[in-house]
Amino acid sequence: MDTNPSEANKPIFRRLYERVFPTVADFFGMLGEQSANAAETTRLLVEFMETGDVTVSQRVRADEHEADRVKASNLGVLSEAFSTPIDREDIHAAIMTLDDIVNYCKSTVVEMDVLGLQPDKHSLEMAMHLREGAEALARGFGRLGTDPAAAGGDAAAARKAERTVEKAYRRAIAELFQGDDYLHMFKRRETYRHLSNAADRVSDAAAALDNIVVKLC
């Protein structure tokens, strides 16, 4: 027996049609929104690295909680979808890697707080390039449904940003491990490493975007 009133009020042929040909979820829209949210978190991270404002770091933490909600919602839609416009594994990879970017942004600000560290020029530089990569991903995922061929260039831009972060990371480590304040060295290295890990996830998300583009074009 159908217990959904709105379903029961539909004409029988409409209900039969929807069961045979279920509506396909707007996965392109979902990924576009999730990638835009990740880009906004990286913009907040840059703002924190510029100002050291605790209220901004709290917004980064709040974004991570919202990102977890979005990830769970998107995975739920993917799990229940009868069909998808692109391979499920590519959608899943995009959802997970975009969420990981936000997770590492949060890890960075949390550990800086716990370890009593203030932003420095290296963390700011890495955050700025991380933002560039996340914004490229947001552009790419945002136009998958309208101009997928152009999204390939966005994926390339995201990978370039990741490589730039890695170069900045190596410079930061080389400068950090001078002198004999080993406790500070290891504290600071942890935060640099989180930023490097976030950049790695930007590259992973770019790979997922590339896979989608190749199959659409």
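Residues numbered from 1 in each chain as written. Predicted model: local features only at pLDDT ≥ 70, side-chain atom pairs only at ≥ 80, totals over all residues. Heavy atoms only, no water.

J.: Would you mind showing me how to read a positive patch on the surface here?
T.: Among the surface-exposed residues, Lys 160, Arg 163, Lys 167 and Arg 170 lie close enough to one another that they form a single positively charged patch. Its place among the elements puts Lys 167 in helix H7 (residues 148-176). (Patch = residues over 30% accessible without salt bridge, like charges linked within 9 Å, V, L, I, M, F, W, Y side chains within 5 Å. Areas by Shrake-Rupley, 256 points an atom, 1.4 Å probe, with all protein chains shown as cover. Salt bridge = Lys/Arg side-chain N within 4 Å of Asp/Glu carboxyl O. Lys, Arg positive; Asp, Glu negative; His and termini not counted. Charge placed at Lys NZ, Arg CZ, Asp CG, Glu CD. Helix = DSSP H or I, 4+ residues; strand = E, 2+ residues; numbered from the N terminus.)

J.: Before we go on, may I ask you to explain the packing of aromatic side chains in this structure?
T.: Given two aromatic rings, their pairing is described by the distance between the two centres and the angle made by the two planes. For the coordinates displayed, the defined rule picks out one aromatic pair. The interplanar angle of 75 degrees and the centroid separation of 5.9 Å between the aromatic rings of Phe 177 and Phe 186 together place this pair among those described as edge-to-face. By relative accessible area, Phe 177 is classed as partly exposed at 32%. (Phe/Tyr/Trp six-rings, centres within 6.5 Å; stacked < 30°, edge-to-face > 60°. Buried < 20%, exposed > 50% of the residue type's maximum accessible area, 1.4 Å probe, protein only.)

J.: Is there a simple way to think about the pattern of salt bridges in this case?
T.: For side chains of opposite charge, pairing can occur when their charged atoms come near one another. If you walk through the whole model with that rule in mind, you get 16 salt bridges. Between Arg 188 and Asp 120 there is a salt bridge, with its nearest N and O atoms 3.7 Å apart. Placement of Arg 188 in helix H8 (residues 182-216) and of Asp 120 in the loop between helix H5 (88-114) and helix H6 (121-142) is noted, with a sequence separation of 68 residues between them. Residue classification places Asp 120 among the partly exposed residues on the basis of a relative accessible area of 21%. The closest approach of N and O atoms between Arg 139 and Asp 154, which form a salt bridge, is 3.5 Å. Remark: Asp 154 occurs in helix H7 and Arg 139 occurs in helix H6; sequence separation between them is 15 residues.

J.: What should I look at first to understand the packing of helix H3 (residues 27-51) against H5 in this one?
T.: In a pair of packed helices, the angle between the axes and the distance between the axes together describe the arrangement. Where H3 meets H5, the closest approach of the two axes is 10 Å, and the angle between their N-to-C directions is 15 degrees. As far as their axial angle goes, H5 and H3 are roughly parallel. Like other packed secondary-structure pairs, H3 and H5 cross with a definite hand, here left-handed. When H3 is examined against H5, the residues Phe 27, Leu 31, Gln 34, Ser 35, Ala 38, Thr 41, Thr 42, Leu 45, Phe 48 and Met 49 are found in contact with a partner set consisting of Ile 91, Ala 94, Ile 95, Leu 98, Asp 99, Ile 101, Val 102, Cys 105, Thr 108, Val 109 and Met 112. Here the contact of H3 with H5 is composed, by residue class, of 15 nonpolar, five polar and one charged. (Axes fitted to C-alpha atoms, helices over the stretch in contact; angles between N-to-C directions. Parallel < 35°, antiparallel > 145°, perpendicular 65-115°, else oblique. Left-handed = near helix turned anticlockwise from the far one by under 90°. Contact = heavy atoms within 4.5 Å. Nonpolar A, V, L, I, M, F, W, Y, C, P; charged D, E, K, R; others polar.)

J.: How should the side chain of Asp 99 be read in this particular structure?
T.: By the element assignment, Asp 99 lies in helix H5. A relative accessible area of 2% places Asp 99 in the buried class. Beyond its immediate stretch of four places on either side in the chain, Asp 99 contacts Gln 34, Ala 67, Asp 68 and Lys 71.

J.: I tried to follow H3 on my own but got confused; where do I start?
T.: Helical geometry: 3.6 residues make up each α-helical turn, so side chains three or four residues apart lie on a common side. A rise of 1.5 Å per residue sets the reference length of H3, with its 25 residues, at 36 Å; its end C-alpha atoms lie 36 Å apart and thus fit the reference within 8%. Count one or two residues on from H3 and you reach Gly 52, which has phi positive near 70 degrees. (Expected span 1.5 Å × (residues − 1).)

J.: Explain the environment of Gln 118 here, please?
T.: As for its position among the elements, Gln 118 is in the loop between H5 and H6. The exposure class of Gln 118 is exposed, given its relative accessible area of 52%. For Gln 118, the residues in contact, after removing those within four places along its chain, are Gly 52, Met 112 and Arg 188.

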